[in-house]
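Letter by letter, the chains look like this.
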Amino acid sequence: MLSFYTAERIIELLLDTKLIRKCILSNIDLQGEYEQGEIELLFITDIGRYWIVPVAIKNSGLITSVMVFDANTGERIVDTKVIEELKSRKNKHSEYEWIFDKQKDHKVAKELLNEYRSVVPIITGDAWND
């Protein structure tokens, strides 16, 4: 018998068998300036199972960084070696800033927010001479 499962069903089965823990976002310290950007990504590799959590600048929706959590224990990963290994593997968050330590460097995020705020919407006219 051949069975097909959705990603949600696979995560549900892993949770039910206690092979992973649910990513509890209320435990994430985002230091007041950040919020969860998108839904977390379960990253299963040969070195372990991890939750990758996108982080956005609060009230802008601009995703600038990701945090990594151990899917088995729920603990935040701050080990540079592990994070660099995960970042080197192709995934949709590879291009973001990966937060290594508990104290986030706000410089990159603030620069991106300033650029985001400097974008001015242009209202189009009916003709070129408007």
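Quick summary incoming for the structure in this document. Owing to the predicted nature of the structure, the values given are computational and were not obtained by experimental measurement. Every residue gets a number counted from 1 within its own chain, in the order that chain's sequence is written. This being a predicted model, a pLDDT of at least 70 is required before a residue's local features are given, and a value of 80 or more before pairs of side-chain atoms are given or counted; all residues contribute to the totals for chains, interfaces and linings. With hydrogens and water set aside, each side-chain value is computed from the structure's full complement of heavy atoms.

Attention shifts here to a nonpolar patch on the surface. Excluding any residue in a salt bridge, patches collect residues exceeding 30% relative accessible area, merging like charges within 9 Å and nonpolar Val, Leu, Ile, Met, Phe, Trp and Tyr side chains within 5 Å. Every accessible area reported is derived by Shrake-Rupley at a probe size of 1.4 Å, with residue values counting cover from the shown protein chains alone. A pair is scored as a salt bridge if a Lys or Arg side-chain nitrogen falls within 4 Å of a carboxyl oxygen belonging to Asp or Glu. Among the surface-exposed residues, Tyr5, Ile10 and Leu13 lie close enough to one another that they form a single nonpolar patch of about 270 Å² accessible area. Put simply, DSSP H or I for four residues or longer makes a helix, DSSP E for two residues or longer makes a strand, and each gets a number counted from the N terminus. You can see isoleucine 10 is positioned in helix H1 (residues 7-16). Relative accessible area serves as the criterion here: at 39%, isoleucine 10 is assigned to the partly exposed category. A 1.4 Å probe rolled over the protein chains alone gives each residue an accessible area, and that area as a share of the maximum for its type sets the label: buried under 20%, exposed over 50%, partly exposed in between.

Across the ten residues that make up strand E3 (residues 48-57), a large majority, nine, are buried. Two elements, strand E1 (residues 34-36) and E3, share three bridges in a ladder whose sense is antiparallel. Of the residues in E3, the one forming a bridge with glutamine 36 is valine 55. We treat two strands as partners when DSSP finds at least two bridges between them. Taken together, the five bridges between strand E2 (residues 41-45) and E3 define a ladder with antiparallel strand orientation. Counted as the bridge partner of threonine 45 is glycine 48 from E3. Across seven bridges, the pairing between E3 and strand E4 (residues 63-70) is antiparallel. If you follow proline 54 over to E4, its bridge partner there is valine 66. Remark: five residues form the turn of the hairpin made by E3 and E4, two consecutive strands paired antiparallel; asparagine 59 in that turn has positive phi of roughly 65°.

On to the pattern of salt bridges, then. Side chains that carry opposite charge are capable of pairing whenever their charged atoms lie near each other. What the rule picks out here adds up to three salt bridges. With its nearest N and O atoms 2.7 Å apart, the salt bridge here joins arginine 89 to aspartate 46. Of this pair, arginine 89 sits in the loop between helix H2 (80-88) and strand E5 (97-98) while aspartate 46 is found in the loop between E2 and E3, placing the two residues 43 residues apart along the sequence. On the accessibility criterion, aspartate 46 (67% relative accessible area) is exposed. Close ionic contact of arginine 89 with glutamate 85 constitutes a salt bridge, the shortest N to O distance being 2.8 Å.

Structural measurements only, silent on function.
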